[in-house]
Every structure is written in C-alpha cells, then in structure tokens.
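Okay, here's what each chain looks like letter by letter:
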Amino acid sequence: MGTIRSIIRSVGAHLPKRIMTNDDISKIVDTTDQWITERTGIKQRHIAADDELTSDLGTAAAHQALVRAGIDPVDIDLVVCATSTPDRTFPATAVKIQAELGVTKGAAFDVQAVCSGFVYALTIADNFLKTGQSKRAVVIGAETFSRILDWEDRGTCVLFGDGAGAVVLEAQPQKGEANPRGILSTRLRSDGRFYDMLYVDGGPGSTKTVGHLRMNGREVFRHAVQKISGVIEETLLETGFAANEISLFVPHQANKRILDGVARKLGVDPNKIVVTLDRHGNTSAASIPLALNQAFEDHRIKEGDLILMEAMGGGFTWGAALVRW
Ligand code: UT7
C-alpha cells in the first residue's frame, strides 16, 4: 500500500455577531484599552449570545468548510471537535455537530487539550486518515470561553473570546510527488506537572460545577515562548525545512508578545505570521482555524504553500503541525 496523506480541502469559520471592545470591558472591570493593547495586542473579541452554543458556532464553521470543498456531508466519516467549552459534559459536542451537518457515517468525538486542541484534533484525524480508517474528516475548533470566565477577574476576562473554525481533510494516496501536499508532520506534547498553571476551578467529578478559568499568566507566558519555539524547531528538524522556507505561520493567538518572542527566537519574518488576536482575542481551540480562515479569505494562502501551525495551552499541552496546502 502506498503512502496516504491528509489533504486540507478547505477551511471555514464562524464568529458570534456581538463584539466587545476593550472600552466595553473597561466598564466591567478595572482596566483600560491601553493596558490590554500594550500587554496583549487584543483590541476586541466576539461574545456568543445566550442561546448560541459551542455546537452552533462549530456547525456553522464546518458547514462553510464543507460548502467551500464541495463535499456532501454524507461523504464525511469522521467529525472531531476540539473544545473545552462543550454544550454539555456529555455527549460530545462533535456528535451534535455531526447531526446538525447531516453526517451519518463513521465516528464523532471531542478532543480536550484546551488551546492546543485544534493541533491535537488535526493530528488524531490525520492518523485516522493515514491508516485508512477514515476517508474524509471535519476537524473543528469551537469555543464559548465567555461562559467560563470570571467577569470580575481583570487578569483573565480581558483575554478570551468566542468563535469556531473548521477544516475538511481528505485521504489521498501519494504518487511519489517531489513536493507532496497535505499534513507533512505533527508533534504533540504535554507535561502534567503544570496542571495548576491554567485550569478551570470546577468540574462534574470534583465540584459538580462548571467553574471559572484561572491562570498564572506570568508563568504561562514564561513557558510559552520556550515550548512553542522548541516544538517548531523539532518539526523543522524532522522535515528538513528551514524557518525561512515556511510560507505562513498560523499560531494560536494568545498574546502578541508571545508571537513576537517566538518570531525573534526563530528568526521568522513577522510578515509571515497571521495575527487575528487583535480582532478575536484568545479563542482557545478555535484560534488556529479562525486564523487559517482569515488568511484564506485574505488570499494569503496558495496551493503548494508550507503552513506551520502551533499552539500551547492548559495542561500544559503544546504542539505543531506542518502542512503543504
Ligand atoms: O492560551 C493559553 C496560553 N495563555 C497564554 O499564553 C497567556 C500568557 N500570559 C499572558 O499573556 C500575560 O501574562 C498576561 C497578558 C495574562 C498578563 O500580562 P503580564 O505582563 O504578565 O502582567 P502581570 O500578570 O504580570 O500583571 C502586571 C500588572 C499587575 O499589577 P501590579 O501587581 O504590577 O500592580 C496586574 O494586577 O498588571 C495588572 N493587570 C492589569 N491591569 C490593567 C493585570 N490585568 C490587568 C488588566 N488591566 N486587565
């Protein structure tokens, strides 16, 4: 059997209509547009309506990706949704999205790796496709972090937003091309010793409540540049590419200072980094596919481009994926 690769056929996204600016937040907690802009780069974020669920955002993003790919939902046999804000503790949000899309074959499940969730979900789906277990997958990152924020904690509530993004993957046999398309490499990492650095202080099995997001921002920041740079360097080493051969970096959008720090450390041209956090804030697992969608809509991606995605989040979890579009 020849090599099978997962090709990204399309991308889609969906953002709630309501926009909350830094000035809006400064009316809720003791903060300013200047502090948020200077310390994070965030200017605004989208906030889901009360009746708008993570599955609604995820379904809309996946639907757009399927329409763009021209793929009928009945031909999808895997739905993976990365989320830390599921509609319910169970069943999986992916199952709801599966039904909403009209997908009836194969399997649907959620992946929980917080901000690294999309890289984790992409990696899992890629492995299902490469082994021949699935043919076409929808991989979604969807979040409503506004629901788990402590709106009295200025250290965290200013950082996050809601949204969803999705890609459609298709298994394609490789014919020995010199520059094969598709997912070329993925790397996942986690280190549970940092379990208490970024977490939610509740859960069905501990407090029987949902809880609120808590973060030791300074410590997370300290680890972020080092861990993200490390996993990118490993990916480049494994695939034999130099940093300057990458066409576009599509990172998780947590803090502009982290993106700049990684760019400096690796010698990456800042113009090659897709930045959406000014408009979206940190949307956790949704941030990479939202940024990918923005780059696609801005015509910054063309066939053959090398795209590197990376993320780091609660757990700690972190990872990277290198794709030829
Ligand atoms: O997506 C998962 C990964 N997450 C991340 O990567 C987040 C990583 N961390 C960060 O991005 C940054 O640590 C933050 C943006 C969260 C905070 O920035 P910082 O430069 O590390 O600020 P700090 O926490 O050290 O706080 C500095 C000061 C403090 O005041 P004092 O103690 O120096 O008087 C805070 O109380 O800034 C104060 N502060 C604020 N002031 C105005 C904290 N939040 C705010 C705020 N507005 N919203």
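It should be emphasised that the depicted structure is a prediction, and the values quoted were computed from it without experimental measurement.

> Looking at this structure, how should I read the overall build of the protein chain?
Counting secondary structure elements, the protein chain contains 10 helices and 13 strands. Relative to the globule expectation of 20 Å for 325 residues, the C-alpha radius of gyration of the protein chain, 18 Å, shows essentially globular dimensions. Burial analysis of the protein chain (325 residues in total) assigns 55% to the buried set. Surface exposure of the protein chain reaches about 14,100 Å², of which carbon and sulfur atoms provide 50%. Taking the 36 positively charged and 39 negatively charged side chains of the protein chain as two groups, their mean positions are separated by 4 Å.

> Can you walk me through the side chain of Asn255 in this structure?
With respect to the helices and strands, the residue Asn255 is situated in the loop between strand S11 (248-251) and helix H8 (256-266). In this structure the side chain of Asn255 is engaged in a polar contact, spanning 3.0 Å, whose partner is the backbone oxygen of Arg39. Once you skip the residues sitting within four places of it in the chain, Asn255 turns out to touch Arg39, Thr40, Phe221 and Leu277.

> Is there a simple way to explain helix H4 (residues 93-101) in this structure?
Given 3.6 residues per turn, any residue in an α-helix points the same way as the ones three and four places further on. Those residues of H4 that sit buried are Thr93, Ala94, Ile97, Gln98 and Leu101. Along H4, the residues classed as buried sweep out an arc of 145° about the axis, all on the same side. Lining the buried residues of H4 we find helix H3 (54-69), strand S4 (78-82), strand S5 (107-111) and strand S6 (136-144). Residue Gly102 follows H4 closely and has a positive phi angle near 85°.

> How do you make sense of unusual backbone geometry when you look at a structure like this?
Trans peptide bonds make up the majority, and among non-glycine residues the majority have a negative phi. Cis rather than trans, the peptide bond between Phe90 and Pro91 has omega equal to -5°. Along the polypeptide, Pro91 turns up in the loop between S4 and H4. For the peptide bond that leads from Gly315 to Phe316, omega is -15°, which places it in the cis range. Its location among the elements puts Phe316 in the loop between strand S12 (306-313) and strand S13 (317-324).

> Before we go on, may I ask you to explain the site of the ligand in this structure?
In the region of the ligand, 23 residues are neighbours, and Thr31, Arg39, Arg218, Asn255 and Asn282 sit closest. Take Trp35: an N or O atom from its side chain is 3.3 Å from an oxygen atom of the ligand. Notes on the ligand: free accessible area 940 Å², of which the protein chains cover 74%. Of all the secondary structure elements, the ones that give two or more residues to the shell around the ligand are helix H2 (33-40), helix H6 (154-157), helix H7 (217-239) and H8. Element by element, the count of residues in the shell around the ligand is highest for H7, at 4 residues. Broken down by class, the residue content of the shell around the ligand amounts to 11 nonpolar, 7 polar and 5 charged.

> Explanation requested: the sheet that holds strand S8 (residues 182-190) in the structure shown.
The strands making up a sheet associate through backbone hydrogen bonding, with each pair oriented either parallel or antiparallel. As summarised here, the arrangement of the 4 strands in space is S8-S13-S12-S11, forming an open sheet in which the pairing is mixed. For this open sheet the edge positions go to S8 and S11, each flanked by a neighbour on one side alone. On average, each strand axis in the sheet is inclined to that of its neighbour by 15°, with strand direction left out of account.

> Explanation requested: the domain arrangement of the protein chain in the structure shown.
Bring the parts together and some accessible area is lost; that lost area is often taken as the interface size. Domain boundaries in the protein chain define domain 1 (3-174) and domain 2 (182-324). Using only C-alpha atoms to locate each centre, domain 1 and domain 2 end up separated by 14 Å. With 52 residues of domain 1 at the interface, the matching set in domain 2 holds 50 residues. Linking domain 1 with domain 2 are 2 salt bridges. Two residues, Glu297 and Arg68, come together in a salt bridge whose shortest N-O distance is 2.6 Å.

> Help me out: how do you make sense of a negative patch on the surface in this one?
The grouping of Asp50, Asp51, Asp56 and Glu100 at the surface amounts to a negative patch. Note that Asp51 resides in the loop between strand S3 (44-46) and H3.

> What should I look at first to understand the pattern of salt bridges in this one?
As a working rule, side chains carrying opposite charge can pair if their charged atoms are close by. Within the structure shown, the criterion is met by 17 salt bridges. Here Glu170 makes a salt bridge to Arg136, at a shortest N to O gap of 2.5 Å. In this pair, Glu170 is assigned in strand S7 (residues 162-173) and Arg136 in strand S6, connecting sequence segments 34 residues apart. Since its relative accessible area comes to 10%, Glu170 is described here as buried. Connected via shared salt-bridge partners are Arg9, Arg136 and Glu170.

> I'm lost on the packing of aromatic side chains in this one. Help?
Think of a pair of aromatic rings as described by two things: how far the centres are apart, and how the planes are tilted against each other in angle. Within the structure shown, the criterion is met by 3 aromatic pairs. Sitting over the face of the ring of Trp318, Lys227 holds its NZ or CZ atom 5.1 Å from the ring centroid.

> What should I look at first to understand the sheet that holds S6 in this one?
An order of S1-S7-S6-S4-S5 is seen for the 5 strands of this open sheet, with the pairing classed as mixed. What marks the edges here is a single partner per strand, and that holds for strand S1 (4-14) and S5. In this sheet, neighbouring strand axes are inclined to one another by 20° on average, regardless of whether the strands run parallel or antiparallel. Here S1 pairs with S7 via 10 bridges, running antiparallel. By the bridge assignment for S7, Ile4 is matched with Pro173. Relative to the sheet, H3 contacts S1, S6 and S7, its axis offset from that of S1 by approximately 120°.

Each value, and the rule that gives it
- Residues numbered from 1 in each chain as written.
- Predicted model: local features only at pLDDT ≥ 70, side-chain atom pairs only at ≥ 80, totals over all residues.
- Heavy atoms only, no water.
- Helix = DSSP H or I, 4+ residues; strand = E, 2+ residues; numbered from the N terminus.
- Rg over C-alpha atoms; globule rule 2.2 N^0.38 Å.
- Buried < 20%, exposed > 50% of the residue type's maximum accessible area, 1.4 Å probe, protein only.
- Areas by Shrake-Rupley, 256 points an atom, 1.4 Å probe, with all protein chains shown as cover.
- Lys, Arg positive; Asp, Glu negative; His and termini not counted.
- Charge placed at Lys NZ, Arg CZ, Asp CG, Glu CD.
- Polar contact = N/O pair within 3.5 Å; in protein donor to acceptor, adjacent residues only side chain to side chain.
- Contact = heavy atoms within 4.5 Å.
- Arc of directions from axis to C-beta.
- Near = heavy atom within 4 Å.
- Nonpolar A, V, L, I, M, F, W, Y, C, P; charged D, E, K, R; others polar.
- Pairing = 2+ DSSP bridges.
- Axes fitted to C-alpha atoms, helices over the stretch in contact; angles between N-to-C directions.
- Domains from an automatic or database assignment.
- Salt bridge = Lys/Arg side-chain N within 4 Å of Asp/Glu carboxyl O.
- Patch = residues over 30% accessible without salt bridge, like charges linked within 9 Å, V, L, I, M, F, W, Y side chains within 5 Å.
- Phe/Tyr/Trp six-rings, centres within 6.5 Å; stacked < 30°, edge-to-face > 60°.
- Lys NZ or Arg CZ within 6 Å of the ring centre and 35° of its normal.

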